[in-house]
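# Structural overview for review
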Amino acid sequence: LANSVSIPGKLAPMATTAILTAAGSGTRLGAKLPKALVLINGVPIVRVAAENLFASGVVDDVIVTVPPGFMDQFTAALDGIEQPLTFIEGGERRQDSIANALRLLLPQCNKVLVHDAARPFAPPELIAAVANAVTAQVKAVIPGLPVVDTIVQTTSEPAPPDRAVAWLGELPAGTSPAGTVPKTDIAVLARTLDRAALRAVQTPQGFDRETLVSAYQNAMETGLTATDDAGLVAALGVPVTIIPGSPVALKITTPTDLAVARLER
Ligand code: C5P
């Protein structure tokens, strides 16, 4: 495939491949570099994630999705890792990046983990638990955490200006001046969801290879978009098993997340 770089190594007859998604821009992080190249205690985020994948002992090879134009920086960031690594240019959406990576799966691969570089600290134990939970019968496994906040659904209508103004008027003096709160950040509650039935879903997500490939084929044919891979697999009618996630596997999205991640190390 064009634009891919492969570092060969030995693979088991039945192999688990991890697709490490790292082709995002990191716009919300406010960094000049792609998020996966940002350093945490001197180590690029993508390297921490790749090392934890291999440390799990269940991953035979890793395919990294790379932001277009950053191939050299990513191969340098993962330099010296002994296990098999392949780099492929990502696409416009996360889903497009993963579709590119799926075309590089080796014949012996029978399980696929999809993991976001944005969750570099997902512990090796969690990675192994997800991979080991995928069996001939259980074709899709994801980690999920109970939700601590009450989650509400909002109406699709924007909040009426009078309500928004009333709310802003109650802000303590010196906080956000009314003019700086984007209108889209103000919403109206439609209904409160049953928190006990909700989970905050993390990565890595583990799949039987054929199931994941079929889910992507189906998504391509039907134009389906999902924010994670389990969403695409569920659309096929395949049951998705949720195992306990880890609070350490937090997703680095904003500068605050990055500061927390740097503190934790
Ligand atoms: O943007 P967000 O943080 O939700 O992205 C989740 C993960 O998907 C990140 O690790 C990001 O690098 C990756 N991604 C990708 N290709 C894209 C967009 C995001 O590999 N086009």
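That block above? That's the structure.
Below you will find a few notes about this structure. Here the structure is a predicted model, which means the values were calculated and not measured. (Residues numbered from 1 in each chain as written. Predicted model: local features only at pLDDT ≥ 70, side-chain atom pairs only at ≥ 80, totals over all residues. Heavy atoms only, no water.)

### Describing the overall build of the protein
- For the protein, the helix and strand inventory stands at 8 helices and 13 strands.
- In the protein, which comprises 265 residues, the share counted as buried stands at 45%.
- Considering only residue pairs separated by 6 or more positions, the protein has 77% of its internal contacts joining residues 24 or more positions apart.
- With the model as given, the accessible surface of the protein reaches about 13,800 Å², and the carbon-plus-sulfur share is 56%. (Helix = DSSP H or I, 4+ residues; strand = E, 2+ residues; numbered from the N terminus. Buried < 20%, exposed > 50% of the residue type's maximum accessible area, 1.4 Å probe, protein only. Contact = heavy atoms within 4.5 Å. Areas by Shrake-Rupley, 256 points an atom, 1.4 Å probe, with all protein chains shown as cover.)

### Here we look at the pattern of salt bridges
- Counting across every chain of the model gives 4 salt bridges.
- A salt bridge links Glu51 to Arg47; its shortest N-O distance comes to 3.1 Å. Pair noted here: Glu51 and Arg47 are both in helix H1 (residues 45–55), with a separation of 4 residues, about one helical turn.
- Look at Glu51 and you get partly exposed, because its relative accessible area is 37%. (Salt bridge = Lys/Arg side-chain N within 4 Å of Asp/Glu carboxyl O.)

### Points about the site of the ligand
- The environment of the ligand is made up of 16 residues, and the closest members are Thr21, Gly24, Gly91, Ser97 and Lys251.
- Between an oxygen atom of the ligand and a side-chain N or O atom of Arg28, the distance comes to 2.9 Å.
- Contacts to the ligand include Gly91, whose backbone N or O atom sits 2.9 Å from a nitrogen atom.
- Look at the ligand: alone it shows 460 Å² of surface, and the protein chains cover 84% of it.
- Cavity membership is defined here by more than half of the atoms lying within 2 Å of grid points; on that basis the ligand lies in the largest pocket.
- Class assignment for the residues of the shell around the ligand results in 4 nonpolar, 5 polar and 7 charged. (Near = heavy atom within 4 Å. Polar contact = N/O pair within 3.5 Å; in protein donor to acceptor, adjacent residues only side chain to side chain. 1 Å grid on protein atoms, 1.4 Å probe; cavity = no way out; pocket = protein on both sides within 12 Å on 5 of 7 lines; lining within 4 Å. Sits in = over half its atoms within 2 Å of the grid points. Nonpolar A, V, L, I, M, F, W, Y, C, P; charged D, E, K, R; others polar.)

### Some points on the nonpolar core
- Ranked by internal contacts, the top residues of the largest apolar core, which has 34 residues, are Val46, Val59, Val62, Val64 and Phe74.
- For this core, the secondary structure elements donating two or more residues are strand E2 (15–21), H1, strand E5 (61–66), helix H2 (71–77), strand E6 (85–89) and helix H4 (124–133).
- For Val62, the residues in contact, after removing those within four places along its chain, are Ala18, Leu20, Leu53, Phe54, Pro84, Leu85 and Thr86.
- Within the second largest apolar cluster, 21 residues are counted, among which are Ile63, Cys109, Leu212 and Ala219. (Core = buried A, V, L, I, M, F, W, Y, C linked by side-chain atoms within 4.5 Å.)

### Let's talk about the environment of Ala133
- By secondary structure assignment, the location of Ala133 is in helix H4.
- Remark: the alpha-carbon pair of Ala133 and Ile243, spanning 110 residues in sequence, is separated by 8.5 Å.
- Apart from residues no more than four positions distant in its own chain, Ala133 is found in contact with Val138 and Val141.

### Focus on the layout of surface pockets
- For the largest pocket, the calculated volume is near 650 Å³.
- In terms of lining residues, the largest pocket is bounded by 30 residues, among which Arg28, Lys35, Arg94, Asp116 and Lys251 are the most central.
- Partitioning the lining of the largest pocket into residue classes produces 8 nonpolar, 13 polar and 9 charged. (Points joined across faces, edges and corners; volume = space filled by probe spheres on them.)

### A look at the pairing of strand E7 (residues 109–116)
- The element E7 is extensively covered by neighbouring structure, given that 7 of its 8 residues are classed as buried.
- Taken together, the 4 bridges between E7 and strand E12 (residues 205–208) define a ladder with antiparallel strand orientation. Bridge pairing links Val112 to Phe207 in E12. (Pairing = 2+ DSSP bridges.)

Such coordinate-based values are descriptive only and should not be taken to indicate function.
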